[in-house]
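Fold and geometry: a report
Chain by chain, the residues:
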Amino acid sequence: MAAAKKALQIRLPPLPSIKDVIRLYKLRALRELSQNFLMEPRLIDKIVRAAGHIENHVVCEVGPGPGGITRSIIQQSPRKVVLIEKDPRFIPSLELLADACKGRVDVDIINGDILKTAIAHFIPEDTRHEWTDSPPPINLIGNLPFSVSTILIIRWLEMISKREGPWSLGRARMTLTFQKEVAERMVAPIMNKQRCRLSVMCQNWCNVKYKFDIPGSAFVPKPDVDVGVVTLTPMKQPIIKLPFKLVEKVVRQVFSMRQKYSIRGAQTLFPEEVREEMALKMYKMAEIDPITRPFQIANGEFGRLCEAYNEIIKIYPEFGNYDNRAPKKKNDEVEAIT
């Protein structure tokens with residue numbers, strides 16, 4: 001079995017090592033782009049193995065940089081690899097890899113920002129699976145820059161909730177790196193000190209698994225923190241079956257005062273003149289104790305809070321548009337005096 005599995009791997013022609021590629025193309029990690037190069041082949045292979053079986057799959061790699069993870073992906077015989085790299089300095093080294101596997105693996109190189117790239121455009125239509133079927137042969141893999149990782153996962157969770165982008169083709173799986181603290185938050189259960197808005201949002205739409213740590217010393221330049229590798233598989237049905245924006249708003253506000261009673265954060269969902277009354281009504285409808293702390297609220301209980309809030313804004317639509325973060329309007333009388 002092991003021999004057969006090995007035979008399926010693509011043998012790339014002799015190529016310069018990643019260290020040599022970095023030297024050859026005079027590449028250096030840019031701090032302003034939160035770039036860190038992972039140099040150890042053993043750890044690179046471990047990330048790709050965490051994605052599971054990717055032979056004959058379409059793999060989208062986010063931020064491949066000089067191509068270390070890309071090499072490991074290609075060696076697993078995917079059908080197609082889509083590389084999305086914002087920094088044009090890395091394109092020549094990625095083209096070197098694409099030429100090395102020409103005729104065996106189809107490689108698309110997109111010089112662009114992942115936050116603005118329509119990934120689904122590069123994925124063949126015949127990979128489509130129904131949402132309730134097993135995940136399609138599509139994998140998203142990336143050693144994400146810290147500066148974009150949380151923004152990106154929230155963006156992708158919203159796309160998952162709407163079944164847009166790659167998720168218009170089914171429950172595509174993700175294998176991604178995050179700052180260790182962020183990875184811990186994503187999987188944090190009820191009562192855990194790391195539990196936060198990100199925990200509830202990730203766990204509402206995906207099965208999230210923390211696979212392993214990578215020490216900061218494995219990267220060049222060495223970041224100040226370690227890294228966690230996380231896999232996310234979209235669920236057939238979310239725990240809270242309500243629009244993403246509504247769920248995100250309720251969870252965000254409840255966690256806005258994390259150390260206080262959860263109702264204190266929930267009050268900020270409503271205008272000042274009615275917030276105590278409406279928040280109490282919301283908690284009563286949801287059958288949640290107002291003095292519960294945010295990190296003590298289970299996902300299903302957050303679901304009841306979201307349902308209660310949804311019922312309230314059906315009766316009072318103006319509350320649905322209320323945003324306590326919006327700039328406060330000056331009192332007309334004060335404006336007249338000034």
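Residues numbered from 1 in each chain as written. Predicted model: local features only at pLDDT ≥ 70, side-chain atom pairs only at ≥ 80, totals over all residues. Heavy atoms only, no water.

Brief notes about the overall build of the protein
For the protein, the helix and strand inventory stands at 14 helices and nine strands. By sequence separation, contacts in the protein at least 24 residues apart represent 70% of the contacts at least 6 residues apart. Looking at the protein as shown, the accessible area adds up to about 16900 Å², and 51% of this sits on carbon and sulfur atoms. (Helix = DSSP H or I, 4+ residues; strand = E, 2+ residues; numbered from the N terminus. Contact = heavy atoms within 4.5 Å. Areas by Shrake-Rupley, 256 points an atom, 1.4 Å probe, with all protein chains shown as cover.)

A short note on the side chain of T268
Structurally, T268 can be placed in the loop between α10 (262-267) and α11 (275-286). Here Q253 takes part through its side chain, which lies 2.7 Å from a polar atom of the side chain of T268. Once you skip the residues sitting within four places of it in the chain, T268 turns out to touch Q253, S256, M257, R275, Y322 and N324. (Polar contact = N/O pair within 3.5 Å; in protein donor to acceptor, adjacent residues only side chain to side chain.)

Observations regarding the sheet that holds strand β2 (residues 58-62)
Strand pairing in a sheet takes place through backbone hydrogen bonds and is either antiparallel or parallel in direction. With mixed pairing, seven strands are arranged side by side in an open sheet as β4-β3-β2-β5-β6-β9-β7. Either end of the sheet is taken by a strand with one partner, and the two such strands are β4 (106-111) and β7 (206-214). Strand after strand, the sheet turns through a mean of 20° between neighbouring axes, direction not considered. Here five bridges tie strand β5 (residues 138-143) to strand β6 (residues 173-179), and the two strands are oriented parallel to one another. Its bridge partner being in β6, N139 is matched across the sheet by R173. Strands β2, β5, β6, β7 and β9 (227-234) of the sheet are contacted by helix α6 (residues 146-162), whose axis makes an angle of about 150° with β6. (Pairing = 2+ DSSP bridges. Axes fitted to C-alpha atoms, helices over the stretch in contact; angles between N-to-C directions.)

A short note on unusual backbone geometry
Phi angles above zero are rare outside glycine, and S77 is one such case at about 60°. For S77, the location among the structural elements is in the loop between α4 (68-74) and β3 (80-85). The buried category is assigned to S77, whose relative accessible area is 10%. Although it is not a glycine, M191 sits at a positive phi angle of roughly 80°. Turning to its location among the elements, M191 is positioned in the loop between α7 (180-187) and α8 (197-205). (Buried < 20%, exposed > 50% of the residue type's maximum accessible area, 1.4 Å probe, protein only.)

Regarding the packing of aromatic side chains
Enumeration according to the criterion identifies six aromatic pairs in this entry. In textbook terms, an aromatic cluster arises when at least three aromatic residues are bridged by ring pairs, as seen for F270, Y309, Y316 and F319. In this arrangement the basic side chain of K46 is found over the ring face of F212, its NZ or CZ atom lying 4.4 Å from the centre. When the ring centre of F90 is taken as origin, the NZ or CZ atom of R89, which lies over that ring, is 5.2 Å away. (Phe/Tyr/Trp six-rings, centres within 6.5 Å; stacked < 30°, edge-to-face > 60°. Lys NZ or Arg CZ within 6 Å of the ring centre and 35° of its normal.)

So, to be careful, I would describe these as geometric facts and stop short of saying anything about function.
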